[in-house]
Amino acid sequence: MVINMDKIRDILNNSKKIAIAGHVRPDGDCIGSSTALYQYLSLYKKELGIEQVDIYLEPYGDQFQLLSGLEGIKCSCAGNEVYDMFIALDCGSKDRLGVVSEIFDLAKTTVNIDHHISNTMFATINHVAEASSTSEIIYTLIDDDKITKEIATSLYVGIIHDTGVFKHPNTTSRTMTIAGKLIDKGIDYSKLINDTFYAKTYKQNLIIGRCLMESILVLDGKVIVSSISQKMMDFYDVTTADLDGVVEKLRVTKGVEVAMFVYETNPSEYKVSMRSTGKVNVSKIAVYFGGGGHVQAAGCTIHGRLNDAINNLTLHIEAQLKEINEV
Ligand code: AMP
Ligand code: MN
Ligand code: MN
C-alpha cells in the first residue's frame, strides 16, 4: 500500500512499542533522519501514546557525534524483540536493514519512509516520496512547532549530506525552504556543514589522495574508476567509514560522466559507489547488480574478482552511453 499521509500521528496509529532503524553503513541522511525521528518520538512519547521507542544503527563516522539522539542506539545485532511498529528509514530495500531485518520481520506493523527511486515497497505502509533526502520527508511529517533545535540539527545534517550541501539537483525550492525553517530553530549550520561534511582527518585525506593517484580513465575519459583493497585500508589505518569523500572527489573530474569507486568489504566482496552527471542512470546499473539508489548516486555490492566487477559495471555504463551516442 502506498499512502499519502502527511502527519506522523496517522502513521503511528497508537503503536506502543516502536523501533526505528536506518540502512547498513549509515550515511548522514540515514543518521540524521533516524535520530530526528527518535528524538521526536521520545520527546512527545506521552502525547503520542508511546511506551517504548528504540533506535538501531550500525557504527557511524565520528563526525556525527555532535548529533543528539545517538546515546539511545542499540547495537545492530539480531534479536527477538517484538515491536508494534518497525520504521525503516532511508532504506531502499529490506536487505539494506542488515541484521535488524530479523526484528523487522517480527514487528506487527512495518513502515518504510524513504526517497530512493529503486525502493521495493517492502513494508506494510510505504511512504516513499520524491525528496532530496529522508530527512526532508521527516520534516514534512512533523509539525514545525514541535521541532526542537536538536531535532532541527539532525534534519539539517541529513539534508546537507544527501544534497552535497545543496548542490545536487535533488535540491528543490522546498528543500531550501525547509533548510531555512531549520536555520530559524537556531542551529549552528555553518559548524554542521564544516564539521560533518567537509572536515577530514589526516588519514582520510591520505586515502583520498591515494585513490585519486591510482584512478584511471576509461571509455574516452567518460568514466573514472578507482579502487582500494582491505590491505591498503589497513596500511593507512582507515575503515570503510573513512572513505566517504572519495567518490565525491572522483566525480568532479572534468569530462567524466560516471565516477566509480570500489572498495573491498570482505575477501572477494566489493562495495561499489557510483556517481553520474545524469546522462547515465547509475541506479539502473546498481539495481541490476542487486543494489539501488538514485539516478545520479547509487551503489551495490559485488562478489568475485575486482577486475571482473569493474569490467562488468563498465560494460553497463558503455551500453547506456552508446544509447545516447556518447561513445
Ligand atoms: P553510496 O555510493 O554508498 O554513497 O550510495 C549512493 C546512494 O545509493 C545512496 O542513496 C544509497 O542509499 C544508495 N545505495 C548504496 N548502496 C546500495 C545498495 N547496495 N542497495 C541499495 N541502495 C544503495
Ligand atoms: Mn542513505
Ligand atoms: Mn537518503
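Now for a quick tour of the structure. As the structure is a computational prediction, the values presented were derived from the model and not from experiment. (Residues numbered from 1 in each chain as written. Chains lettered and ligands numbered in written order. Predicted model: local features only at pLDDT ≥ 70, side-chain atom pairs only at ≥ 80, totals over all residues. Heavy atoms only, no water.)

At the metal site, the manganese ion (ligand 2) is ligated by His23 (NE2), Asp27 (OD), Asp27 (OD) and Asp90 (OD), and these contacts range over 2.1 to 2.7 Å. For the manganese ion (ligand 2), the single-chain donor residues occur in sequence as H-x3-D-x62-D. Taken as a pair, the manganese ion (ligand 2) and the manganese ion (ligand 3) show a spacing of 3.7 Å, with Asp90 coordinating each metal. Here His23 is found in the loop between strand E1 (17-21) and helix H2 (28-43), whereas its partner Asp90 is found in the loop between strand E4 (85-89) and helix H4 (101-106), with 67 residues between them in sequence. With respect to burial, His23 and Asp90 carry one shared label: buried. (Donors = N, O, S within 2.8 Å, 3.2 Å for Na, K, Ca; no water. Helix = DSSP H or I, 4+ residues; strand = E, 2+ residues; numbered from the N terminus. Buried < 20%, exposed > 50% of the residue type's maximum accessible area, 1.4 Å probe, protein only.)

Protein coordination of the manganese ion (ligand 3) is provided by Asp29 (OD), Asp90 (OD), His115 (NE2) and Asp162 (OD), with donor distances spanning 2.1 to 2.2 Å. Counting gaps between the donor residues of the manganese ion (ligand 3) yields the pattern D-x60-D-x24-H-x46-D.

Helix H6 (residues 149-163) packs onto helix H5 (residues 134-141) with a crossing angle of 145° between their chain directions and a minimal axis gap of 7 Å. Counted together, Ser135, Glu136, Ile138 and Tyr139 of H5 and Ser154, Leu155, Gly158 and Ile159 of H6 form the full contact between these two elements. When its residues are assigned to classes, the contact of H5 with H6 shows four nonpolar, three polar and one charged. (Axes fitted to C-alpha atoms, helices over the stretch in contact; angles between N-to-C directions. Contact = heavy atoms within 4.5 Å. Nonpolar A, V, L, I, M, F, W, Y, C, P; charged D, E, K, R; others polar.)

The geometry of H6 relative to helix H7 (residues 173-183) is characterised by a closest axis approach of 9 Å and an angle of 145° between their N-to-C directions. Crossing geometry of H6 relative to H7 is assigned as left-handed. Contacts from Ala152, Leu155, Tyr156, Ile159 and Thr163 in H6 reach Thr175, Ile178, Ala179, Leu182 and Ile183 in H7. Tallied by class, the residues present in the contact of H6 with H7 amount to eight nonpolar, two polar and no charged. (Left-handed = near helix turned anticlockwise from the far one by under 90°.)

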